[in-house]
Amino acid sequence: MHCSERGCVNTTLGNMKRSGGSESEKRRKRRRLLQELGDQRIPYLGPSDHGFQQLWETSYSGLALRRSCSLPEELHGRVEAALFTLRRRGCFLRDLVKVRDRDVFTAVSRVLLGQPGTTYRYLDTRLFTIPWHTDEQRGTCCDPDLSAACKALWELNCFFCSDVGDRKEGDVFKQCRKELVGAIESKPSVEGDTESKDSEESKPSDDGGDSESKQSEEGETESKHSDDWDIESKHSEDEGSSSKQDAAWESRHGDEMGDMKTKQTELGSPTASKQHSEGKHTGWKHRPAGSTETETTDLGPQEKPVAELKHSLSGYHIEDEEDEDQQSGQGCSNLNPAKTSCPGPTQFNVTLLNYMDPAAMSQLKEEPYYGMGKMAVGWHHDENLVSLSPVAVYSYSCHDDDKAGVSSEEGPAEKGCWRIGLKVAWDIHTPGLTLPLQSGDSYYLRDDLNRTHQHCVLAGDSARFSSTHRVAECSTGTLDYIQSRCREALSNLSTDPETGTHSLLSLLPATLQGYEEIHNEVEFEWLRQYWFQGQRYTRFCSWWARPMEQLENDWREMELMTQLLLAAVEEEGQPEEGRREMAETLLTALTDRQQHRQTWRDRCHSSLAQTLPPEEAPVDRPFWADDDPSMPLPFDLADIINRVESLLWRM
């Protein structure tokens, strides 16, 4: 095994924990920015604000909008029908993820589609793809309805792959910006009580509790290499939430599911600056990125006092980059695609589908820095992606019956728009940006925008689907990869064809260490991940059933190899120095294995896990059985560790 491979495995099994020095540095930077921010809200601009287009072009140029009407109508119809099919079949599920050493449910329900055998990992949770069905990949793992839905999402993926990198389309995207601003500026502003009301609503409640324990989990999410995960932190609200959302869905959208129609609408007004005006400082003057001075007029009476603002900010990370070297180029996304785009045509290999109904959520967190409004997904970078690869997002908003036929140009309906918010990472001087999304709109994060900026999703009034297409970095996250690792480890196991006796071909400590690391990787990064949550999708798609069965068989043979290594360590005829090295290698692997197994036992039996229905509950599958005659292994790992420790003490 190469050292680089072992390093990769160790990083994965260590859950990408950052050093205390890195955390201290982030806290120092956050304190400095909070001191500089003082008692102000950071300004942000929406389409109705003067300077919006200039800000977009100079500081957010990597953001591209493709309006609903510019996508093929037939594609809209197939994609929307696919989303409703997946929802109706129950494929959208909330994930049980790990944040700050405790399990929490995601606020958003999701399902992963993509290339067969691909996975996507975030917050100690591995998602296993339901394969999208291409013309060449027609399998029997899903029923015809789901197969058609998966194929429709694949067609959307193909469109994005060909469109996102086409620089000839630049004029189209620029025209979208101009049309958006023109549509907003041509409409009268909505005055009245909206400003004061929303200003009050955007102030987070101060319940006197510990801000670290009661905060929304976006902050920790951002610090754990995740992409757009907003975690709901109030565990008491999780029980029964699934049935609550289902009931809300049936009552609000039953007619739409039964009579799907493709409806193309022009992109209307956003929930404009008048609606969330706390962050709108009329005295702000546009500055080039990197400037260290902020020009504002006197703050209005609606601005928060510094103590309240800092209490709100204390629970949120302003930036989540793991690699400080990535901070170059802040302030604007790079305009030179030759230097920043991933080479070759874009090939999105997964799409993460999300569903959220704000009406079914008892609490949505307020955006803390700008006063943009309620967040469905908190500030983040999309992580675990190929460096500098783009992201494409298709947005579909469900329509209530009482809003049927109400155009986005009619005023009141615009306030219910879903929006995306963007900000420059580690920057409190460059204003934020909000972009309204009408049903069927798509947007791209291109060039280095995802690296230098963060984005959030601001909730609208209606339920919403999104299909987020990514180039996932899955060099260690595909079935082909882990199968090759199994073959590598099992190459050290020899079986006598006549007697069936097993033996190890090599007892070199470095070789043994590598194979024991593969053993741990198979168990904790694949088998236990699958039985924790991945197996939930077998009722929809059987694609992973047989490969995981084979992985489990390979794992059993690796358990046998560990037993053979233990026998070699305890054999008196071995040279003492060689036995010591083997014993130390074995002890390290077994101690790590024991700790991980206990962690997974705790997760499977946590109070939150127990609230899930049987078909979604994690399975604490041991992968072996005491009554299995083919596995004559000692199952008490603590006993084995004690034996090895005693042996080392005697040497």
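All values derive from a computational prediction rather than experimental measurement.

Trainee: Tell me about the environment of Leu55, and please be specific about residues and values.
Mentor: Mapped onto the fold, Leu55 is located in helix α3 (residues 52–59). Leu55 gets classed as buried once you look at its relative accessible area, which sits at 0%. Put simply, Leu55 and Gly432 are 377 residues apart on the chain and 8.9 Å apart in space, counted from C-alpha to C-alpha.

Trainee: Can you lay out helix α4 (residues 73–88) for me, pointing to particular residues and giving the numbers?
Mentor: With 16 residues, α4 should reach 22 Å at 1.5 Å per residue; the first-to-last C-alpha distance of 23 Å fits that figure. For α4, the set of buried residues is Leu75, His76, Gly77, Val79, Glu80, Ala82, Leu83, Phe84, Thr85, Leu86 and Arg87. Positive phi shows up at Gly90, right after α4, with a value of about 85 degrees.

Trainee: How would you explain the pairing of strand β6 (residues 125–128) if you had to name every residue and give the values?
Mentor: In summary, the side chains of a regular strand alternate between the two faces of the sheet. Taking every second residue as pointing to the same face, both faces of β6 are buried, with Thr125 and Leu127 on one and Arg126 and Phe128 on the other. Where strand β5 (residues 119–122) lies against β6, four bridges are found, and the strand directions are antiparallel. Considered in β6, the bridge of Tyr122 is made with Thr125. Connecting the antiparallel pair β5 and β6 is a turn made up of two residues, with Leu123 showing a positive phi of about 45 degrees.

Trainee: Please provide a residue-by-residue account of the packing of aromatic side chains, values included.
Mentor: For the coordinates displayed, the defined rule picks out 19 aromatic pairs. Pairing Phe92 with Tyr355 gives two aromatic rings, centres 6.2 Å apart and planes at 55 degrees, and the pair type is tilted. Of this pair, Phe92 sits in the loop between α4 and β3 (93–99) while Tyr355 sits in strand β8 (residues 350–356), and the two are 263 residues apart along the sequence. Here Tyr355 falls in the buried class, since its relative accessible area comes to 1%. Aromatic ring contacts, followed pair by pair, group Phe128, Trp526, Tyr530, Trp531, Trp543 and Trp544 into a single cluster. Above the face of the Trp526 ring, Arg126 is positioned so that its terminal group lies 4.7 Å from the ring centre. When the ring centre of Trp379 is taken as reference, the NZ or CZ atom of Lys423 above it lies at 5.3 Å.

Trainee: Explain the confidence of the model for the protein chain to me, and be specific about the residues and the numbers.
Mentor: In this model, the protein chain carries a mean pLDDT of 74, and residues with pLDDT of at least 70 account for 63%. For the protein chain, per-element mean pLDDT is lowest for helix α8 (residues 211–214), which scores 32, and highest for helix α14 (residues 479–490), which scores 98. Throughout residues 187–244 the model reports pLDDT below 50, and contacts reaching past four residues in sequence, or to other chains, amount to 159 contacts. Throughout residues 401–414 the model reports pLDDT below 50, and contacts reaching past four residues in sequence, or to other chains, amount to 22 contacts.

Conventions adopted
- Residues numbered from 1 in each chain as written.
- Predicted model: local features only at pLDDT ≥ 70, side-chain atom pairs only at ≥ 80, totals over all residues.
- Heavy atoms only, no water.
- Helix = DSSP H or I, 4+ residues; strand = E, 2+ residues; numbered from the N terminus.
- Buried < 20%, exposed > 50% of the residue type's maximum accessible area, 1.4 Å probe, protein only.
- Expected span 1.5 Å × (residues − 1).
- Pairing = 2+ DSSP bridges.
- Phe/Tyr/Trp six-rings, centres within 6.5 Å; stacked < 30°, edge-to-face > 60°.
- Lys NZ or Arg CZ within 6 Å of the ring centre and 35° of its normal.
- pLDDT = per-residue confidence, 0-100.
- Contact = heavy atoms within 4.5 Å.

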